[in-house]
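Given next are the chains, with one letter for each unit.
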Amino acid sequence: MKNLEVLIQTQKERITLLENEIIQFEKDQYELNKQNELKSDFVSIVSHELRTPLAIIKEGIELMLTGVYGKINVKQKKTLSTVCDSIDRLARMINNLLDVSKIEAGKMDLHKEKISLRELFDKACAPFYIKAQEKGIRLIIRYPKNDTMLYVDVDKIIQVFTNILGNAMKFTPTEGVVKVAYRILAADNNFIQIAIADNGIGIPFDDLQRIFNKFEQVHHTAFKASERGTGLGLSIAEGIIKIHRGTMWVESKEGQGSTFNFTLPKYIPETVVRDEINHEIKSIDINTTTMSILSLSIEEVDHVKAQLPRGEFQTIVEEIKGVVRNTVRKFRDVSIDEGEEFLMVLRDCNRSGAEAVKTRLESSLQNYLAHCKIPLHIKFNVGHASYPEDAHDEENLLKLARMRDSSSV
Ligand code: ADP
């Protein structure tokens, strides 16, 4: 008995010790996060403050260069042009620093949209045709035969292409080749792979791992100051790809060339809906606000579609949309597949609010069915779920809204 008591006491002490360690770890983590946030806030504020005076300096010098303040001689022109180049480089550096600090602080917001791979290639690569021509490099872009739709922040992904293509142009000599291609991934249906390959100077094996680190430059000694980069381009590119949940990697052989690969998310309606709901969750304050999602769908939608004459289904969908708009005030439409499901985000609306909206909507739909001339019996499913009352993440909110209290009209 005594032994058992001693054993229990030792276990208790162990648990207390572990608990203390966990508390200390959480405190350290909190401090570390706070420090990182302060650091990135500092970089962000300083960078913003630097941008305005820099723009004013550049404008002044450009005006002088045009000769509006009087004729300038060749020597003056050369000096002012050099100053202008340095200002551009500094501005690039500041913008890059801002991007890095945003990525590190998790504050880089994405504005994702649906875009075809073909259009993305056009937007991202077109500016490089002239550059390639000027340098005598062949730029080959392999366009997809069957176009794939992607769901990305277009501007940010163009920035990724720009950073990698810019490097490929810089590190590939005249008569070299730069290729942009894509690959469908058999093992992962959610992503597509992009490869940007050059047959330039390549990267030594030992340096391959560090080129994605901040401020790492392998070949900087070979370039004039005005041509030198900031060593931040790849780190930003990798950061942007990671916040799209993709990956980036490089294959290279010194003297033979490099291939930069990255994956981009395909447009998948369910993922998009989840993303939208996640975004809403992140943007509300858990202490003061709530949010609900409401799902409305037509029961056995495929059967309904098949029974109706051509075009009729779309008319009904539009009419239902009208009913929804007249009944539900202030909602954000996050529906993706036309007519399959109507998904709405109701901001500042808790569970009882959502319940009331649902009842109102059901009665409006009943009214609509009673008065419309559809030659078919249609049934609706309406469900809702609230954050944070019912669930804390988009997966469970959606699951609940699609089944919980689902009632048929
Ligand atoms: P930088 O602004 O210097 O280009 P990056 O982060 O974009 O910074 O690239 C880091 C370094 O990686 C470059 O300085 C260069 O040494 C190496 N590098 C990047 N792309 C290539 C390439 N296509 N070929 C050879 N080296 C490259």
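Residues numbered from 1 in each chain as written. Predicted model: local features only at pLDDT ≥ 70, side-chain atom pairs only at ≥ 80, totals over all residues. Heavy atoms only, no water.

(A) Representation of the overall build of the chain. When its secondary structure is counted, the chain shows 11 helices and 12 strands. In terms of principal-axis extent, the alpha carbons of the chain reach across some 85 × 85 × 50 Å. The 409 residues of the chain split such that 39% are buried. About 24,400 Å² of surface is accessible on the chain, with carbon and sulfur atoms providing 53% of the total. In the chain, 55 positive and 59 negative side-chain charges are present, and the distance between their average locations comes to 5 Å. (Helix = DSSP H or I, 4+ residues; strand = E, 2+ residues; numbered from the N terminus. Buried < 20%, exposed > 50% of the residue type's maximum accessible area, 1.4 Å probe, protein only. Areas by Shrake-Rupley, 256 points an atom, 1.4 Å probe, with all protein chains shown as cover. Lys, Arg positive; Asp, Glu negative; His and termini not counted. Charge placed at Lys NZ, Arg CZ, Asp CG, Glu CD.)

(B) Highlighting the pattern of salt bridges. Inspection of the entire model under this criterion finds 18 salt bridges. Where Arg347 meets Glu280, a salt bridge forms, and the shortest distance between an N and an O atom there is 2.8 Å. One end of the pair, Arg347, is in strand E10 (residues 341–347); the other, Glu280, is in helix H7 (residues 269–283), with 67 residues separating them in the sequence. Accessibility expressed as a relative area gives 1% for Glu280, which makes it buried. The salt bridge partner of Glu341 is Arg402, with a shortest N-O separation of 2.9 Å. On the criterion of sequence distance, the pair formed by Glu341 in strand E10 and Arg402 in helix H11 (residues 394–403) is long-range, its members being 61 residues apart. With a relative accessible area of 18%, Glu341 lands in the buried category. By relative accessible area, which is 33% here, Arg402 ends up partly exposed. Taken together, the shared-partner salt bridges in this structure form one network comprising Glu270, Arg274, Glu341, Glu395 and Arg402. (Salt bridge = Lys/Arg side-chain N within 4 Å of Asp/Glu carboxyl O.)

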